[in-house]
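The primary structure of each chain is shown beneath.
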Amino acid sequence: MQFNLNHVTFSYRLGSRKILDDVSLKIKKGEFVFLLGKNGSGKSTFLKHLNAMLIPTSGEIYVDGKDTKLEKNIYKIRKTVGMILQNPESQIVNSIVEEDVAFGLENIAEDPKIIQKRVDSALQAIGMQTYKKRMINELSGGQRQKIVIAGVLAMQPDCILLDEPTSMLDTKSRSEILRIIYDLNKKLGITVVWITHNLEEVQCGHRILLMKEGKIALDTTPSELFYNDEILSKFDLKRTELVEFVCNLKKKGLKIKDTTNKEAVIDFIFNQLRKN
Ligand SMILES: Nc1ncnc2c1ncn2[C@@H]1O[C@H](COP(=O)(O)OP(=O)(O)OP(=O)(O)O)[C@@H](O)[C@H]1O
Ligand SMILES: [Mg+2]
């Protein structure tokens, strides 16, 4: 699924402040994009444009070539672009896990046999198949968020949008959710656009966008961002622990490439140990 934004401007009310201000960019199929930016910079407003929940005041957005402005395209776009919000409660509608995961499919009157299959494979993908018959109110926040993800997955989306999905969760659930989405992107090629304030999370994306006052102020990659002190300080961001560690290795004279990939750092260290 690819997105093409062409001079997109948006105001919530006619003539009021521009919340998106002349945004033009492309998001390619299979890309894993993180969206950063201060509170109120327009991130959620931007994301809602990608599944046609909001329509530009001026400019156009094409989702796989389909203009979000046209009524006839909206249903198909919303069906194939899933959205996951900060608070799982706002997206849970049924009290039993399997019923909740099936909700979207039942809504579009899918064949019951297909629903059963899709629910099973969605629960499997997030590692919660044994919870199928459980009551949702017995689950933790992290498990509930996974159930919301399963519900989106059951719809077989081409793209998943996430609006601070882990900000209410503990560290363990955070990294589990990150791993699930990372795998879905890698294995199934699902396009991902993820809003976060957590710099540890953005390290594993392909691309980072930073919003400032409704404009895309930065469009870069994790390794270009985190190894550039000038950009970091300009946008009030900090190096991650991993990058700090790699910089320390470099200071000690080791020839390690700029990376934000933990596995690459571990491989490097093993190779060094083997050499010595
Ligand atoms: N439904 C709405 N009606 C009017 N103004 C809105 C509406 N939703 C958001 N805004 C305003 O638009 C601006 C951008 O909001 P948005 O939620 O897109 O920012 P954000 O970057 O997601 O912020 P946060 O990090 O706090 O989630 C804010 O000034 C906000 O008050
Ligand atoms: Mg927001």
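Residues numbered from 1 in each chain as written. Chains lettered and ligands numbered in written order. Predicted model: local features only at pLDDT ≥ 70, side-chain atom pairs only at ≥ 80, totals over all residues.

A few points about the pairing of strand S1 (residues 3–10)
Each regular strand carries side chains that alternate between the two faces of the sheet.
Okay, step 1: Examined bridge by bridge, S1 and strand S2 (residues 20–27) share five bridges and lie antiparallel to one another. Each residue of the ladder has a partner; that of Asn 4, found in S2, is Lys 26.
Okay, step 2: With five bridges connecting them, S1 and strand S4 (residues 58–63) associate as antiparallel partners. Directly across from Asn 4, in S4, lies its bridge partner Tyr 62. (Pairing = 2+ DSSP bridges. Helix = DSSP H or I, 4+ residues; strand = E, 2+ residues; numbered from the N terminus.)

Topic: the nonpolar core
Okay, step 1: Core analysis: the largest hydrophobic core is formed by 66 residues, its most contacted members being Leu 35, Val 101, Ala 150, Ala 154, Ile 160, Leu 161 and Val 193.
Okay, step 2: Top contributing element to this core by residue count: helix H5 (residues 141–154), with seven residues. (Core = buried A, V, L, I, M, F, W, Y, C linked by C-beta atoms within 7 Å. Buried ≥ 20, exposed ≤ 12 C-beta atoms within 10 Å, placed from the backbone.)

Quick word on the sheet that holds strand S3 (residues 32–37)
Okay, step 1: An order of S6-S7-S8-S3-S9-S10 is seen for the six strands of this open sheet, with the pairing classed as mixed. The open sheet has two edge strands, strand S6 (81–84) and strand S10 (215–220), and neither has a second partner. Each strand of the sheet is rotated relative to its neighbour by a mean of 20 degrees, with strand direction disregarded.
Okay, step 2: Pairing of strand S9 (residues 207–212) with S10 involves five bridges; the strand directions are antiparallel. (Axes fitted to C-alpha atoms, helices over the stretch in contact; angles between N-to-C directions.)

Some details on the site of ligand 1
Okay, step 1: Around ligand 1, a shell composed of Tyr 12, Ile 19, Gly 37, Asn 39, Gly 40, Ser 41, Gly 42, Lys 43, Ser 44 and Thr 45 is seen.
Okay, step 2: Take the shell around ligand 1: its biggest share by element is three residues, from helix H1 (residues 43–50).
Okay, step 3: Looking at the shell around ligand 1 residue by residue, the classes come out as two nonpolar, seven polar and one charged. (Near = placed C-beta within 6 Å. Nonpolar A, V, L, I, M, F, W, Y, C, P; charged D, E, K, R; others polar.)

Remarks on H1
Okay, step 1: Burial analysis of H1 places six of its eight residues in the buried class, the great majority of the element.
Okay, step 2: Regarding H1, the residues found buried are Lys 43, Ser 44, Phe 46, Leu 47, His 49 and Leu 50.
Okay, step 3: Count one or two residues on from H1 and you reach Ala 52, which has phi positive near 60 degrees.

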